[in-house]
Amino acid sequence: MGNGKKTGRKIVLVLLSLLLFACNNDMHVGNYYTFTGQTVAGFLEDNSQNFSTFVAILKKAGIWGEMQTYGDYTCFAPTNEAFEIFFAEKGWTTVEELAKEKCDTIAWSHIINQVYYTTDLVEGAFPSPNRLDRYLTYSCDSDTITGALYYLVNKTSRLIECNDSVQNGVVQIVDRVLEPSNKMLPDIMGDDPSISLFYQALLLTRMNDSISSYIDENYRVPGGDSTTIGVYYHTGNEWEYAIFPEKRYFKYTAFVETNDVYEKYG
């Protein structure tokens, strides 16, 4: 009986060990799983003749691994020709000249942590910011000669191939590098000559100062888990979890009359 009990305990221990190994292994796979199908990274590498510069920037920025793994990404991929134009404008020649921080900025500007196909969008800002925490804009235009419709990101980067679906998102190919903008609403309004009268009034009343805020630097969440697990609270009928946003943003909508409207009414 003694030997039988020892044998039984050994079997139980072996089974527990196997179970724990399986659980740990599942956790590992869940956290670091790499698709066997084509990912964002796979798409770019398979078309390296067009995207080798962008690949080099993603690798130097340290986010290449993410593009190989599970996720939901929209990747705006500038072609090598787009980077040639961009580098010429900046006085650069190769990726090796760029500091890692500059590569970070370029890479983060081209990635959104949500999947967006052109069929999901309407003209205006994308629903989610890019990895640089900036909102990109989406618009349509037509060729003046052929009349063909095309799409623009940030009004300057043309989508030359749309909606290349991959395992971890979608790749949107653009003909210009997306440059991050730190402009706030008054700055954007000041760039538009068709609303210069309204903009002048905005400056004279100093309302531009009131709508230049972007993020509340004094905002603090109750605790580390409040943005993921949430804070447990009672509604009066039942207990629920309230998820707190990680950051508090200031956002504004301006309804602006054009100069023509003011001139019409004197």
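Structure's up top.
These figures come from a predicted structure and were not determined experimentally.

Visitor: How would you summarise the sheet that holds strand β2 (residues 111–112) if you had to cite specific residues and measurements?
Guide: Pairing is mixed across the open sheet formed by 7 strands, whose spatial order is β2-β1-β7-β6-β5-β4-β3. With one partner strand each, in any of the chains shown, β2 and β3 (124–125) form the two edges of the open sheet. Here 2 bridges tie strand β1 (residues 73–78) to β2, and the two strands are oriented antiparallel to one another. Its bridge partner being in β2, Thr74 is matched across the sheet by Ile112. Along the sheet face, helix α3 (residues 48–61) touches β1 and β7 (169–174) and points at about 110° away from the line of β1.

Visitor: Can you break down the pairing of strand β8 (residues 231–234) residue by residue, with the values?
Guide: Across 4 bridges, the pairing between β8 and strand β9 (residues 239–242) is antiparallel. Across the sheet, the residue bridging to Val231 is Ala242, located in β9. Linking β8 to β9, which pair antiparallel, is a turn of 4 residues; within it Gly236 sits at a positive phi near 110°.

Visitor: Explain the nonpolar core to me, and be specific about the residues and the numbers.
Guide: Within the largest apolar cluster, 30 residues are counted, with the highest numbers of intra-cluster contacts made by Leu44, Leu58 and Phe83. Contributions of two or more residues to this core are made by α2 (40–46), α3, α4 (64–67), β1, α5 (80–90), α6 (100–109) and β7. Ranked by the residues each element gives to this core, the list is headed by α3, at 6 residues. Each residue touching Leu58, except ones within four places of it in the same chain, is listed here: Leu44, Ile63, Trp64, Met67 and Ala107. In terms of nonpolar packing, the next biggest core, distinct from the first, is built from 11 residues, Ile112, Tyr116, Phe126 and Tyr138 among them.

Visitor: Describe the packing of α3 against α5, listing the residues and the values that go with them.
Guide: The relative placement of two packed helices is expressed as an angle between their axes plus a distance between the axes. With their axes 7 Å apart at the nearest point, α3 and α5 run at an angle of 50° to one another. Regarding the angle of α3 to α5, the classification is oblique. Here Ser48, Gln49, Asn50, Phe51, Ser52, Thr53, Phe54 and Ile57 of α3 lie close against α5, whose contacting residues are Asn80, Phe83 and Phe87. Class assignment for the residues of the contact of α3 with α5 results in 5 nonpolar, 6 polar and no charged.

Visitor: Tell me about unusual backbone geometry, residues and numbers included.
Guide: The phi torsion of most residues other than glycine is negative, and most of the peptide bonds are trans. A positive phi is found at Lys155, a non-glycine position, where the angle reads about 65°. Non-glycine residue Asn163 carries a positive phi angle of around 60°.

Visitor: Explain the packing of aromatic side chains residue by residue, including any values.
Guide: Summed over all chains, the structure comprises 14 aromatic pairs. Taking the centre distance of 6.2 Å and the plane angle of 25° together, the rings of Phe54 and Phe83 count as stacked. One end of the pair, Phe54, is in helix α3; the other, Phe83, is in helix α5, and 29 residues separate them in sequence. A relative accessible area of 0% means that Phe54 is categorised as buried. What makes Phe83 buried here is its relative accessible area of 1%. With a centroid separation of 5.5 Å and 80° between ring planes, the pair formed by Phe76 and Phe126 is classed as edge-to-face. One end of the pair, Phe76, is in strand β1; the other, Phe126, is in the loop between β3 and β4 (137–142), with 50 residues separating them in the sequence. Put simply, the rings of Phe54, Phe83, Phe86, Phe87 and Trp92 pair up and form one aromatic cluster.

Visitor: Please set out the pattern of salt bridges residue by residue, giving values where relevant.
Guide: On inspection of all chains with the given rule, the structure shows 6 salt bridges. Residues Asp104 and Lys100 are paired through a salt bridge, measuring 3.1 Å at the closest nitrogen-oxygen approach. Residue Asp104 and its partner Lys100 are located together in helix α6, separated by 4 residues, close to a single helical turn. By relative accessible area, Asp104 is classed as buried at 10%. According to the relative accessible area criterion, Lys100 is partly exposed, its value standing at 41%.

Visitor: Go over the layout of surface pockets with me, naming the residues and quoting the values.
Guide: Reported here for the largest pocket is a volume of approximately 1600 Å³. Taken together, 44 residues make up the lining of the largest pocket; nearest its centre are Tyr135, Thr137, Lys183, Met184 and Ile188. Counting residues per element, the ones that place at least two in the lining of the largest pocket are α5, β3, β4 and α7 (185–190). For the lining of the largest pocket, the element with the most residues is α5, which contributes 4 residues. Within the lining of the largest pocket, the residues separate by chemical class into 22 nonpolar, 11 polar and 11 charged. Roughly 170 Å³ of volume is contained in the second largest pocket. Of the residues belonging to the lining of the second largest pocket, the class tally is 3 nonpolar, no polar and 3 charged.

Parameters at a glance
- Residues numbered from 1 in each chain as written.
- Predicted model: local features only at pLDDT ≥ 70, side-chain atom pairs only at ≥ 80, totals over all residues.
- Heavy atoms only, no water.
- Pairing = 2+ DSSP bridges.
- Helix = DSSP H or I, 4+ residues; strand = E, 2+ residues; numbered from the N terminus.
- Contact = heavy atoms within 4.5 Å.
- Axes fitted to C-alpha atoms, helices over the stretch in contact; angles between N-to-C directions.
- Core = buried A, V, L, I, M, F, W, Y, C linked by side-chain atoms within 4.5 Å.
- Buried < 20%, exposed > 50% of the residue type's maximum accessible area, 1.4 Å probe, protein only.
- Parallel < 35°, antiparallel > 145°, perpendicular 65-115°, else oblique.
- Nonpolar A, V, L, I, M, F, W, Y, C, P; charged D, E, K, R; others polar.
- Phe/Tyr/Trp six-rings, centres within 6.5 Å; stacked < 30°, edge-to-face > 60°.
- Salt bridge = Lys/Arg side-chain N within 4 Å of Asp/Glu carboxyl O.
- 1 Å grid on protein atoms, 1.4 Å probe; cavity = no way out; pocket = protein on both sides within 12 Å on 5 of 7 lines; lining within 4 Å.
- Points joined across faces, edges and corners; volume = space filled by probe spheres on them.

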